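Below are the chains, spelled out letter by letter.
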Amino acid sequence: MANRRRAARADDVLPDGDPSSIVRRAPFADSPYVGERGQKAQMRILEAALQVFGEVGYHGCGVKRITELSGCSRASFYQYFSSKEDLFRHLAGRVARQLNEAADALEPVTGDLAGRQALEAWLLRYAEIYDTYEPVFVTFQTAAASDAMVASGASKVATRTFTDLRSKVTGSPLPAKQVDRVVQTLLWTIARLNRETELLVLASPGSPLDRARIITAYADVFHRALFGPDDAVNIHTVTRRLKPLAKAAQNEPDTDTDGDATHGPAAQRTRTQLLEAGHQVFVERGYYATRVADIVAAAEVSHGVFYRYFDNKTHLFRILAERASQRLEGALDGFPALFDDANEEAPAELRDWLRRYATTYAEEAAIFTMWSEAISRDDELGGVSSTIIDRTRGRLARFLEPRGWGDPDADGMVLLVFLDSMTTNRVTPNRIENIAQMIERGLLAGPPSGTTGTPARAKASAPSPPKTKAARRPRST
């Protein structure tokens, strides 16, 4: 009998490692299945774990803090989970099942209005799942890097989600491999879209550039990439530009990255020494594991010297992050003349520009990775991030404004997400090509001739790289 129960439990585990029904772990009960009281206890543990993962990250999360927050004993915890890693797998499994259910429920994505609305409905459902399990999304890469079961489960979920979404795309004029690339890019970018949009919304509640508007633009971009532009289906033109995000004084980035001008040369050298040591320690240990003691030891100075220049480790990290972001913003210079009809080299210039951006990002990748995980749990860093994201989004929106159609402010956010997603993992020629084609087909290809307004021109590539011809597009007013 006991063997049959153990076999049933083994069979009751999904590929992502999450049990499909609530059971106690042996040897905590003769009957492994729990009643209503046990289900509520497990739910309290899961809710507490989400909060703790959100507060201190994956490595900082501990069973003791989870049990304290949930009001359950450690013995109760271990009835359901063998460790915090096991608990995270359970949460990741819940996310996976909900994403699979959303993909299964997706209506056919066709070239008409119904198909575009189906795509947007799926994006909105994804946003709901993201909101519920945001700490899982934020800490997932960290967990996967140290837990082979999480990484394996993620691979299976990604494969299934891609297969489900790809099967729903019907009637695209693109070659099958090109449709595959568009769907892959959608899956690469959607979590980051929700994360960066969340930061903007939290920093500026009530802003006209809310999540719904950004998701509308995102759906338009991918629908245009799959089926081409259609003014009646996938182009929503907004002519009024937004003002930059208001900055709260405590959330403004550290612009004085060279220190106090009253410091002499020796003091400046000491400050630089501390910044270099801090960069090294942050890269080696990560943001949350780094202590001021680690930084001063690496710099071979005292704590007193450290506090002459920085309020705390967050202050130092803000300066490093701002320097990295300034370098990345500098990489935006040289955005190619994509709307110049005389520029026949626009496709090649776009790809060159993407490569330069990716190279600059790679040089500061460690700082950006830490920053990405820390901003959800540090109000100070979150405010700085919101300001920088909106500053960069606004700059990209100005690049897109000459199109004369669409929603430059929301599309600027989509373009920023494309750039950030391109650099999240190892940048390859295929990844650059995917993003280049998404920009060309989704952000540059405008309404068909004769449908709206006066003409505007931009470059757009054919499905296969590298060279394309310019295409005329009208301007919406």
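Reading guide: rules and limits
Residues numbered from 1 in each chain as written. Predicted model: local features only at pLDDT ≥ 70, side-chain atom pairs only at ≥ 80, totals over all residues. Heavy atoms only, no water. Helix = DSSP H or I, 4+ residues; strand = E, 2+ residues; numbered from the N terminus. Buried < 20%, exposed > 50% of the residue type's maximum accessible area, 1.4 Å probe, protein only. Contact = heavy atoms within 4.5 Å. Areas by Shrake-Rupley, 256 points an atom, 1.4 Å probe, with all protein chains shown as cover. Salt bridge = Lys/Arg side-chain N within 4 Å of Asp/Glu carboxyl O. Core = buried A, V, L, I, M, F, W, Y, C linked by side-chain atoms within 4.5 Å. Expected span 1.5 Å × (residues − 1). Bend = angle between axes of the 7 residues up to and from the residue. Phe/Tyr/Trp six-rings, centres within 6.5 Å; stacked < 30°, edge-to-face > 60°. Lys NZ or Arg CZ within 6 Å of the ring centre and 35° of its normal. Axes fitted to C-alpha atoms, helices over the stretch in contact; angles between N-to-C directions. Parallel < 35°, antiparallel > 145°, perpendicular 65-115°, else oblique. Nonpolar A, V, L, I, M, F, W, Y, C, P; charged D, E, K, R; others polar. pLDDT = per-residue confidence, 0-100. Left-handed = near helix turned anticlockwise from the far one by under 90°.

Caption draft 1: Representation of the overall build of the protein chain in the model. Across its full length, the protein chain holds 19 helices and 2 strands. With 477 residues in all, the protein chain has 53% of them scored as buried. Of the contacts made within the protein chain by residues no fewer than 6 positions apart, 71% connect residues no fewer than 24 positions apart. When the accessible surface of the protein chain is split by element, carbon and sulfur atoms take 51% of a total near 21400 Å².

Caption draft 2: Representation of the pattern of salt bridges. According to the stated counting rule, one finds 21 salt bridges in the structure shown. For aspartate 294, the salt bridge goes to arginine 285, with nearest N and O atoms at 3.8 Å. Among the ionic pairs, arginine 351 bridges to glutamate 440, the shortest N-O distance being 2.9 Å. Of this pair, arginine 351 sits in helix 15 (residues 346–363) while glutamate 440 sits in helix 19 (residues 429–444); the two residues are 89 residues apart in sequence, bridging distant segments of the chain. Of the two residues examined, arginine 351 and glutamate 440, each falls in the buried class. In the salt-bridge network here, residues are joined through shared partners; they are Asp104, Arg160 and Asp164.

Caption draft 3: Broad picture of the nonpolar core. Core analysis: the largest hydrophobic core is formed by 122 residues, its most contacted members being Leu87, Trp122, Leu354 and Phe418. Contact partners of tryptophan 122, with chain neighbours within four places excluded, come to Ala102, Ala103, Leu106, Leu165, Leu186, Leu187 and Ile190.

Caption draft 4: Layout of helix 7 (residues 134–146). Between its first and last C-alpha atoms helix 7 spans 19 Å; for 13 residues at 1.5 Å apiece the expected length is 18 Å, and the two agree. Phenylalanine 140 marks where helix 7 bends most, by close to 55 degrees. Within helix 7, 10 of the 13 residues are buried, leaving the element largely enclosed by the surrounding structure. Taken residue by residue, helix 7 has Glu134, Pro135, Val136, Phe137, Val138, Thr139, Phe140, Thr142, Ala143 and Ala144 as its buried positions.

Caption draft 5: Highlighting the packing of aromatic side chains. Using the criterion set out here, one finds 21 aromatic pairs in the structure. The interplanar angle of 55 degrees and the centroid separation of 6.4 Å between the aromatic rings of tyrosine 80 and phenylalanine 81 together place this pair among those described as tilted. Overall, the relative accessible area of 1% leaves phenylalanine 81 in the buried class. Measuring from ring centre to ring centre gives 5.4 Å for phenylalanine 306 and phenylalanine 310, while their planes differ by 45 degrees; the resulting arrangement is tilted. Summarising the burial analysis for this pair, phenylalanine 306 and phenylalanine 310 share the class buried. Taken together through their ring pairs, the aromatic side chains of Phe53, Tyr58, Phe88 and Phe140 make up a single cluster. One residue, lysine 84, lies across the ring of tyrosine 58, its end atom 4.8 Å from the ring centre.

Caption draft 6: Structural detail: the packing of helix 2 (residues 36–60) against helix 5 (residues 84–105). With their axes 10 Å apart at the nearest point, helix 2 and helix 5 run at an angle of 105 degrees to one another. The angle between helix 2 and helix 5 falls in the class roughly perpendicular. On the side of helix 2, the interface is formed by Gln42, Met43, Ile45, Leu46, Ala49, Leu50, Phe53, Tyr58 and His59, while helix 5 contributes Lys84, Glu85, Leu87, Phe88, His90, Leu91 and Arg94. Residue composition of the contact of helix 2 with helix 5, grouped by class: 10 nonpolar, 3 polar and 3 charged.

Caption draft 7: The side chain of glutamate 329, seen in detail. Secondary-structure assignment places glutamate 329 in helix 14 (residues 313–331). Residues in contact with glutamate 329, not counting those within four places in the same chain, are Ile388, Arg391, Thr392 and Arg395.

Caption draft 8: Focus on the confidence of the model for the protein chain. Residues at a pLDDT of 70 or more form 79% of the protein chain, whose mean pLDDT is 80. Here residues 1–32 scores under 50 on pLDDT; set against residues more than four positions off or in separate chains, the count is 58 contacts. In this model, residues 452–477 is a region of pLDDT below 50 whose contacts with residues beyond four sequence positions or in other chains number 79 contacts.

Caption draft 9: Quick look at the packing of helix 6 (residues 113–132) against helix 10 (residues 211–227). Here helix 6 crosses helix 10 at 135 degrees, and the two axes come no closer than 9 Å. It follows from the interaxial angle that helix 6 and helix 10 lie oblique. Both helix 6 and helix 10 take part in a crossing whose hand is right-handed. Contacts between helix 6 and helix 10 involve Gly115, Arg116, Leu119, Glu120, Leu123, Leu124, Ala127 and Asp131 on the former and, on the latter, Arg211, Ala212, Ile215, Thr216, Tyr218, Ala219, Asp220, Phe222 and His223.

Caption draft 10: Summary view of unusual backbone geometry. At glutamate 300, a position not held by glycine, the phi torsion is positive, near 60 degrees. Position of glutamate 300 relative to the elements: it lies in the loop between helix 12 (292–299) and helix 13 (303–309).

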